[in-house]
Every structure is written in structure tokens, then in C-alpha cells.
Amino acid sequence: MKNEELIVALYQIGSLKLGEFTLKSGKSSKIYIDLRQIISHPNVLRAVADAIWQNIRHCQFDLICGVPYTALPIATCISLTHNIPMIMRRKEKKEYGTKQQIEGAFQSGQTCLIIEDLITTGSSIIETADELKAVGLQITDAAMLIDREQGGHENLQQKGYQVHSAFTLRNMLETLAKSKMITEQEHVIIHSIIES
């Protein structure tokens, strides 16, 4: 699936919504991106994983780790398709058994690539990277489907991470604007976002 087709597919399954929304950061937005929907659409999930893979296939890493929770199925799809070991970061520390924060087989000194669905500020990736580094893993790269272009890319670069996004919010909006799928009202919203 080409990136343009993927963007339209994300709109069709309800992963891209246009209107008035409040984001996790507290900021208001005229676009809401909910990539949790992709788990119910295997063809779209595979296309998302492939779009991310196209940007990281040249990177050097031993393991991958998806940021909990939305990126976990994406990371799993990449792991299975390309036979790359995956580890998992717990969002909540386990208070029983081994009490591990990071699950899976890994060795100190290995390089782990972080997978995320989208970035706004990059804080979720930084938090995940800090947890992974605390157990001796090296982090050099982070990859995601969408860069909302709200400072996340720059924040990650300042921390020394290479950032790989399949497309930006502007790319998505420009593609949707050319699509015959959207309503006239959505067209107006898209142009107001692009021009702001």
C-alpha cells in the first residue's frame, strides 16, 4: 500500500478525524489521530508497519520496542515480518514475580530501536528510552508513522536520537485534501490547519 493509499485508509477506518478535539497534552486540535483502530484492520496494520519499516531498514539495531500501548501491535508486526527480536516496556512496574520493567530477552549493550505510532512532543519516546537505557540498552533511533510537527522531532534530536517518520501531519492533510473522500466542511478544516 502506498503512503497516499494508507492515509486514505486511515481516514476510512476512523483513525483520522477532523473537528474540535483536546489532545493528551491539553492542547486543542482540529485533527484527532487515533491509531488504536488499526488493530481491527490487519491490512492497515501491516501497511502501517511497512511504512515505518521503509524508513528504518537501513538502521543498525538488535531489538525493537514499541511504546505502550498503541505502538505494541505495530512493533509486533515488524518483529514477525522481519524476524527481529522484540522487547516490551511495562507502563506500570510489576510488583510481583521478577518485578521487571522491561520484558523479553536482551543483553546489556544491545541497541534497541523504539517504535511509536505518532509524536507530538516526543515525551513518550523519551520516557521509554530512559527505561531502556536504565537496563543497559543503547538507543540511537526512534521511528513512527506520523510526526505531528509540534516539536517532538526536535526534542528527540536534542537528546541525540535519529528520528524516522513515515510522514508528517502536513503530508497527511495535503493527501486528504486531494481525496474525494472528505466532506466540504472537512476540506475547510484542512485548509485552515495548513494555512495556520
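Residues numbered from 1 in each chain as written. Predicted model: local features only at pLDDT ≥ 70, side-chain atom pairs only at ≥ 80, totals over all residues. Heavy atoms only, no water.

A. Region of the structure containing helix H6 (residues 169-178). Of the positions making up H6, those classed as buried are Leu169, Met172, Leu173, Thr175, Leu176 and Ala177. Contacts from the buried residues of H6 go to helix H1 (3-12), strand E1 (16-22), strand E2 (28-33), strand E7 (141-147), strand E8 (162-168) and helix H7 (184-195). (Buried < 20%, exposed > 50% of the residue type's maximum accessible area, 1.4 Å probe, protein only. Helix = DSSP H or I, 4+ residues; strand = E, 2+ residues; numbered from the N terminus. Contact = heavy atoms within 4.5 Å.)

B. The pattern of salt bridges, seen in detail. Applying the stated rule across the entire model yields four salt bridges. Between Arg36 and Asp34 there is a salt bridge, with its nearest N and O atoms 3.3 Å apart. Residue classification places Arg36 among the partly exposed positions, given a relative accessible area of 47%. Note that Glu103 is salt-bridged to Arg90, the shortest N-O span being 2.8 Å. Taken as a pair, Glu103 in strand E5 (residues 102-103) and Arg90 in the loop between strand E4 (86-89) and E5 lie far apart in primary sequence, 13 residues in all. Of the residues examined, Glu103 reaches a relative accessible area of 18% and is grouped as buried. (Salt bridge = Lys/Arg side-chain N within 4 Å of Asp/Glu carboxyl O.)

C. Examining the layout of surface pockets more closely. Computed from the structure, the largest pocket encloses a volume of approximately 720 Å³. Every residue lining the largest pocket is counted, 27 residues in all, and those nearest its centre are Lys24, Glu116, Asp117, Leu118 and Ser124. Secondary-structure elements contributing two or more residues to the lining of the largest pocket are E2, strand E6 (112-119) and helix H4 (123-134). Per-class residue counts for the lining of the largest pocket are 10 nonpolar, eight polar and nine charged. Considering only enclosed or pocket space, the second largest pocket measures out at about 270 Å³ in volume. (1 Å grid on protein atoms, 1.4 Å probe; cavity = no way out; pocket = protein on both sides within 12 Å on 5 of 7 lines; lining within 4 Å. Points joined across faces, edges and corners; volume = space filled by probe spheres on them. Nonpolar A, V, L, I, M, F, W, Y, C, P; charged D, E, K, R; others polar.)

D. Local environment of the environment of Arg57. Tracing the chain through its elements places Arg57 in the loop between helix H2 (42-56) and strand E3 (63-66). Counting along the chain gives 25 residues from Arg57 to His82, while the straight-line C-alpha distance between them is 9.6 Å. A distance of 2.6 Å separates the side chain of Arg57 from the side chain of Gln54, its partner in a polar contact. (Polar contact = N/O pair within 3.5 Å; in protein donor to acceptor, adjacent residues only side chain to side chain.)

E. Summary view of the packing of H1 against H2. With their axes 10 Å apart at the nearest point, H1 and H2 run at an angle of 135° to one another. Taken together, the axes of H1 and H2 are oblique relative to one another. The handedness of the crossing between H1 and H2 comes out as left-handed. On H2, the residues touching Asn3, Leu6, Ala9 and Leu10 of H1 are Val44, Ala47, Val48 and Ala51. Looking at the contact of H1 with H2, its residues break down into seven nonpolar, one polar and no charged. (Axes fitted to C-alpha atoms, helices over the stretch in contact; angles between N-to-C directions. Parallel < 35°, antiparallel > 145°, perpendicular 65-115°, else oblique. Left-handed = near helix turned anticlockwise from the far one by under 90°.)

F. How the structure looks around the state of the cysteines. Summed over all chains, the structure comprises zero disulfides. Of all cysteine sulfurs, the one in Cys112 lies closest to Cys59, which takes part in no disulfide; the gap is 12 Å. Cysteine Cys65 remains unbridged, with the sulfur of Cys112 as its closest cysteine sulfur at 5.1 Å. When its relative accessible area of 0% is taken as the criterion, Cys65 is described as buried. (Disulfide = S-S within 2.5 Å.)

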